[in-house]
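What follows is the residue order along each chain.
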Amino acid sequence: MFNVARIIILFVIIAAVLMFAYYLIYTHNINKKIISGQVSGRKMVDIPKMIMIAAIIVLMFLCALFAKEANRPQMKYSRNNYAVIDISDNDYKYASYAGSANLDDASFAKMYSKEKNPGYDKEIVDDGDFKFTIFKRSAEADSFHPDFLCFVDYNGKKTSDLSLSISGMFCEKADNKNSFGTGSGGGEIYDTMLFIGNLDEKSFFNISAWIIDKEGEALYSEAMEKAFEEDKGEFPKEEDFAVSSASADIFIN
Amino acid sequence: MRIKLRLNRALQESVKNELIERGIEISEDAGLILTEEGYNSGKISCKDKDGIVIVEMSEIYYVESMGHDVFVHTKENTYKTDLRLYRIEQELPENKFLRISNSVIIKSDVIKKIRPGLSSKFYLTLKNGDNVDVTRTYYYKFKEFYGI
């Protein structure tokens, strides 16, 4: 809506400037005609008619703008490049973005700096091949800024037999249990990933990332089969078979 | 028979000749007056503090009524007249004078500057520095007169 207001103000200013310019031209024209006594020649549209025409154009523009705005889906986040943004659930509790740092796209990452963000405290967690650059809200909460941002950088090897798994989970502070979240596994290794989200007082957000090779995947599959056979309700974690893994917890006070 | 003629210039000579041919004497002292409809003597009788003043129509910048009084404005002076505004309007030549509001008639070539209003009005500054307004009722007549 803010952009719409800016467009309206800009349009009205342009219309007013054009109207003023027309007023000056019209005044000059009629003065010239009256002083020269020349009654023939092309008549200009007079000011009251021009005001009416301008008002109709402005109203039509505003109607079109509001109609377009009303038909736009209500998105809390940017629609640009949404194909590479994962939204955890319909409540939009958090979003993650994964992409190459060299990719020249329009994304959430463009809105925030990895160096400094006003209203946020910065914290860096180096864990193996992964670096977590965490920004926690220090300013008062509002509807437009997330409680936290976390850039996850991978600085390790990138070969064809390695794949990246990463997950973002909301956990209860009281018992460390996962409440909900999403993850992806066995995918392409990205240079930079970004997590954005909101937290309440009872929760924290855990980001886990690991790199696994073909051998690790095979061992993990075997261990899973064995766990199913034993049927004890205990299952292995994939990150235990990873060549590199890292984790960071984000708390908001 | 003696007749006094009050005719506009266009008819003056032809009527005069015809009457003379018919044996009628034309005299300014005659008690019988032949007056053409819309006769215009080119002068308006006005008053100032010294008495009666005859103002040539060519000298008039504008005529204005204020309440029950009618004032004739020239380049430098203002005179009061007993004539009503509508009567003066009838006497003034239509191609040279123009009514711009219920209370003002201006001479067409005395406008120095014109400023359009936003609501079907014009604000005029005359060559003698006086300001008069063209009201909504006379807005389109004014535009048509000047072709603006």
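Further up the page is the structure itself.
In this report, the structure presented in the accompanying data block is examined. Predicted, not measured: the structure shown is a model, and the values here were computed from it.

1. A word on the sheet that holds strand E1 (residues 2-6) of chain B
Residues and elements named next belong to chain B.
At step 1: Pairing in this open sheet of 3 strands is parallel, and the strands run E2-E1-E3 from one edge to the other. Strands at the two margins of the open sheet, each flanked by one partner only, are strand E2 (25-26) and strand E3 (32-35).
At step 2: Relative to E2, E1 runs parallel, the two being bridged by 2 bridges. If you follow isoleucine 3 over to E2, its bridge partner there is isoleucine 26.

2. Thoughts on helix H4 (residues 214-230) of chain A
At step 1: Between the first and last C-alpha of H4(A) there are 25 Å, a value that for 17 residues agrees with the 24 Å anticipated at 1.5 Å per step.
At step 2: A positive phi of about 55 degrees marks Asp231(A), the residue just after H4(A).

3. Looking at the interface of chain B and chain A
At step 1: Contacts between the two partners involve 19 residues from chain B, matched on the other side by 15 residues from chain A.
At step 2: Together chain B and chain A conceal approximately 1,400 Å² of surface at their shared face, both sides included; 63% is due to carbon and sulfur atoms.
At step 3: Inspection of the chain B/chain A interface yields 1 salt bridge.
At step 4: A salt bridge links Asp46(A) to Lys143(B); the shortest N-O distance between them is 3.7 Å.
At step 5: Summed over the shared surface of chain B and chain A, the result is 4 residue pairs in polar contact (both at pLDDT 80 or more).
At step 6: Mapped by element, the contributors of at least two residues to the side of chain B that touches chain A are strand E11 (111-116) and helix H3 (136-146) of chain B.
At step 7: Within the side of chain B that touches chain A, the residues separate by chemical class into 11 nonpolar, 4 polar and 4 charged.

4. Examining unusual backbone geometry
At step 1: Unlike most non-glycine residues, Asp231(A) shows phi in positive territory, near 55 degrees.
At step 2: With respect to the helices and strands, the residue Asp231(A) is situated in the loop between H4 and strand E10 (244-250).
At step 3: Judged by relative accessible area, Asp231(A) falls into the exposed class, the value being 65%.
At step 4: A positive phi angle is found at Ser120(B), which is not glycine, with a value near 50 degrees.

5. Regarding the sheet that holds strand E13 (residues 131-134) of chain B
Residue and element names in this part refer to chain B.
At step 1: The strand order across the open sheet formed by 3 strands is E11-E12-E13, and the pairing between neighbours is antiparallel. Edge positions in the sheet fall to E11 and E13, since each has one partner strand and no second. Pairs of neighbouring strands in the sheet enclose a mean axial angle of 25 degrees, with direction left out of account.
At step 2: Here E11 pairs with strand E12 (residues 122-126) via 5 bridges, running antiparallel.

6. Observations regarding the environment of Leu124(B)
Residue and element names in this part refer to chain B.
At step 1: Take leucine 124: it is sitting in strand E12.
At step 2: For leucine 124, a relative accessible area of 1% puts it in the buried group.
At step 3: It is 6.7 Å that separates the C-alpha atoms of leucine 124 and isoleucine 111, two residues lying 13 residues apart in sequence.
At step 4: Leucine 124 has contacts with Ile100, Ile106, Ile111, Lys113, Ile114, Asp130, Asn131, Val132, Val134 and Phe142, leaving out every residue within four places of it along the chain.

7. Focus on the pairing of strand E10 (residues 104-107) of chain B
Residue and element names in this part refer to chain B.
At step 1: Burial along E10 is two-sided: the face carrying Val104 and Ile106 and the face carrying Ile105 and Lys107 are both buried.
At step 2: Pairing of strand E6 (residues 60-66) with E10, which is carried by 3 bridges, proceeds in the antiparallel orientation. Paired with glutamate 64 across the strands is valine 104, a residue of E10.
At step 3: Taken together, the 4 bridges between strand E9 (residues 97-101) and E10 define a ladder with antiparallel strand orientation. Among the inter-strand pairings, leucine 98 is bridged to a residue of E10, identified as isoleucine 106.

8. Comments concerning helix H2 (residues 47-71) of chain A
One turn of an α-helix holds 3.6 residues; hence residues three or four places apart share an orientation.
Residues and elements named next belong to chain A.
At step 1: Across its 25 residues, H2 extends 36 Å between first and last C-alpha, which sits within 8% of the 36 Å expected from 1.5 Å per residue.
At step 2: Looking only at H2, the buried set comprises Ile47, Pro48, Met50, Val58, Leu62, Leu65 and Glu69.
At step 3: Where H2 begins, one side-chain oxygen reaches toward the backbone nitrogen of lysine 49, 3.2 Å away; that side chain belongs to aspartate 46.

9. Examining the pattern of salt bridges
Residue and element names in this part refer to chain B.
At step 1: Counted by the stated rule, this structure contains 9 salt bridges over all chains.
At step 2: Its salt-bridge partner being arginine 99, residue glutamate 89 comes within 2.8 Å of it at the nearest N-O pair. One end of the pair, glutamate 89, is in helix H2 (residues 85-91); the other, arginine 99, is in strand E9, and 10 residues separate them in sequence.
At step 3: By relative accessible area, which is 33% here, glutamate 89 ends up partly exposed.

10. Describing the side chain of Lys107(B)
Residue and element names in this part refer to chain B.
At step 1: Topologically, lysine 107 is positioned in strand E10.
At step 2: An unpaired buried charge is present at lysine 107: no salt bridge exists, and aspartate 109, the closest side chain of opposite charge, is 4.1 Å distant.
At step 3: Contacts of lysine 107, omitting those with residues within four sequence positions, involve Ser58, Ile60, Tyr61, Lys96, Phe97 and Tyr146.

11. Section: the nonpolar core
At step 1: Formed by 27 residues in total, the largest nonpolar core has its most connected members in Ile100(B), Ile106(B), Phe122(B), Leu124(B) and Phe142(B).
At step 2: At 6 residues, helix H1 (residues 2-36) of chain A tops the list of elements feeding residues into this core.
At step 3: Setting aside chain neighbours within four positions, we find Ile106(B) in contact with Tyr61(B), Tyr62(B), Lys96(B), Phe97(B), Leu98(B), Ile100(B), Ile111(B), Leu124(B), Val132(B), Phe142(B) and Tyr146(B).
At step 4: Formed by 23 residues, the second largest nonpolar core is a distinct cluster that contains Ile189(A), Leu199(A), Ile211(A) and Ala248(A).

12. Digging into the packing of aromatic side chains
At step 1: What the rule picks out here adds up to 15 aromatic pairs over all chains.
At step 2: A ring pair is formed by Phe204(A) and Phe251(A), whose centres lie 4.7 Å apart and whose planes are at 25 degrees; its orientation type is stacked. Taken together, the positions of Phe204(A) in strand E9 (residues 203-212) and Phe251(A) in the segment after E10 put the pair 47 residues apart, joining distant regions of the chain.
At step 3: Here Tyr139(B) and Tyr140(B) contribute two aromatic rings whose centre-to-centre distance is 5.0 Å and whose plane-to-plane angle is 90 degrees, an arrangement assigned as edge-to-face.
At step 4: Take Tyr139(B): its relative accessible area is 1%, and that puts it in the buried class.
At step 5: Through successive ring pairs, a cluster of aromatic residues spans Phe122(B), Tyr139(B), Tyr140(B), Phe142(B), Phe145(B) and Tyr146(B).

How each quantity is defined
Residues numbered from 1 in each chain as written. Chains lettered and ligands numbered in written order. Predicted model: local features only at pLDDT ≥ 70, side-chain atom pairs only at ≥ 80, totals over all residues. Heavy atoms only, no water. Pairing = 2+ DSSP bridges. Helix = DSSP H or I, 4+ residues; strand = E, 2+ residues; numbered from the N terminus. Expected span 1.5 Å × (residues − 1). Contact = heavy atoms within 4.5 Å. Buried area = accessible area lost by both parts, 1.4 Å probe. Salt bridge = Lys/Arg side-chain N within 4 Å of Asp/Glu carboxyl O. Polar contact = N/O pair within 3.5 Å; in protein donor to acceptor, adjacent residues only side chain to side chain. Nonpolar A, V, L, I, M, F, W, Y, C, P; charged D, E, K, R; others polar. Buried < 20%, exposed > 50% of the residue type's maximum accessible area, 1.4 Å probe, protein only. Axes fitted to C-alpha atoms, helices over the stretch in contact; angles between N-to-C directions. Lys, Arg positive; Asp, Glu negative; His and termini not counted. Core = buried A, V, L, I, M, F, W, Y, C linked by side-chain atoms within 4.5 Å. Phe/Tyr/Trp six-rings, centres within 6.5 Å; stacked < 30°, edge-to-face > 60°.

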